[in-house]
Amino acid sequence: MRTDSAFNDTNQPMTMTLETLINGIEGDTVTLRQLMHAVGEQGLLLICALASLPFLIPVSIPGVSTVFGAAIILIGIAVFLNRLPWLPARILDKELETARLVPTLRKGVRIVSRLDTYIKPRFASFTGSTFANRINALAIAAGGLLLMFPLGLIPFSNTLPGIAILLTALGMIQRDGAVVLGGYIFLAFTTLYFGALGFFALRAGNGLASMLG
C-alpha cells in the first residue's frame, strides 16, 4: 500500500481522490491499518467514504461489514471528540482479499463520480463550525452502527446506511452542506426502515406465538 500526497488536496474531485487511494492497494490482501496509513491523519473522513463504497452495490464480501462498520463508528466518535481514533488490532489488521474488494470499490467510485459535478461549497451552516461537524460525526457513527445490524439478507439494509455515511462524509470533506443534509435524510429513512422491519418482525413473532399457544 503506497501513500500519496494527493489525499491532502480536498479541492480535486472526490472521484480522483478515491481512485488514487484504490489504485494504491497492492498485494493479495489489504488491512484497514494500511488504508489509514495511506491517507494519514487528515484522511479519517476519506476512510469513512471509502468504507461505505462496498455497500452501494449488492455484493457481499465476508468480513467487510464488521470491519468497516466498526471502523466508521470509532472514527465518527473520534472526529466528534476531535482526536485520533482508537481502533482494536482485530479491526485494524483484519486481512481483506483485494481480488474481491478492489473491483467492488471501483464500482462504488463510478457511482460517486455522478455526484462530482454537483458537489460544491454551500450551506455553510452544516459544515462551517466545530459544533456542526461534531453533530455530523455523530451521524456518521450512527450510520456505522446501522451498517453493522445483522440484516445482510434484507434488501437495502446495507445500502441505505452506506449512502448516508458516504453523503455525510463527502459533504464534510468538500464543505457541501446540501450533501450533508442528504446524508441526514438517508440516515432518517434508514432508521424508519429498520424500525418498520423490527415492528413487523415483532408482530409476526407474536402471531406465531399465539398460533402455537
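What counts and what doesn't
- Residues numbered from 1 in each chain as written.
- Predicted model: local features only at pLDDT ≥ 70, side-chain atom pairs only at ≥ 80, totals over all residues.
- Heavy atoms only, no water.
- Helix = DSSP H or I, 4+ residues; strand = E, 2+ residues; numbered from the N terminus.
- Buried < 20%, exposed > 50% of the residue type's maximum accessible area, 1.4 Å probe, protein only.
- Areas by Shrake-Rupley, 256 points an atom, 1.4 Å probe, with all protein chains shown as cover.
- Core = buried A, V, L, I, M, F, W, Y, C linked by side-chain atoms within 4.5 Å.
- Contact = heavy atoms within 4.5 Å.
- Salt bridge = Lys/Arg side-chain N within 4 Å of Asp/Glu carboxyl O.
- pLDDT = per-residue confidence, 0-100.

Before going further, it helps to examine the overall build of the chain. Within the chain one finds 9 helices and 2 strands. When the helices and strands of the chain are read in sequence order from the N terminus, they spell out α-β-α-α-α-α-β-α-α-α-α. Classification of the 213 residues of the chain by burial places 45% in the buried group. In the form shown here, the chain has an accessible surface area of approximately 11100 Å², with 62% of it arising from carbon and sulfur atoms.

On to the nonpolar core, then. Counting 50 residues, the largest nonpolar core has Leu32, Leu53 and Phe68 as its most contacted members. When residues of this core are assigned to their parent elements, the largest contribution, 8 residues, is made by helix α3 (residues 44–52). Those residues in contact with phenylalanine 68 that sit more than four places away from it in its chain are Leu32, Ala51, Pro54, Phe55, Leu96 and Leu101. Ala139, Leu146, Leu187 and Phe194 belong to the second-largest nonpolar core, a separate cluster that totals 5 residues.

A full pass over the atoms with the stated rule returns 2 salt bridges. Ionic pairing is found between aspartate 93 and arginine 33, a salt bridge with its closest N-O pair at 2.7 Å. One end of the pair, aspartate 93, is in the loop between α5 (89–92) and β2 (96–97); the other, arginine 33, is in helix α2 (residues 32–39), and 60 residues separate them in sequence. For arginine 122, the salt bridge goes to aspartate 176, with nearest N and O atoms at 2.8 Å.

What follows covers the confidence of the model for the chain. Residues at a pLDDT of 70 or more form 87% of the chain, whose mean pLDDT is 85. Low pLDDT, under 50, characterises residues 2–9; the predicted model gives this stretch 17 contacts beyond four residues in sequence or across chains.

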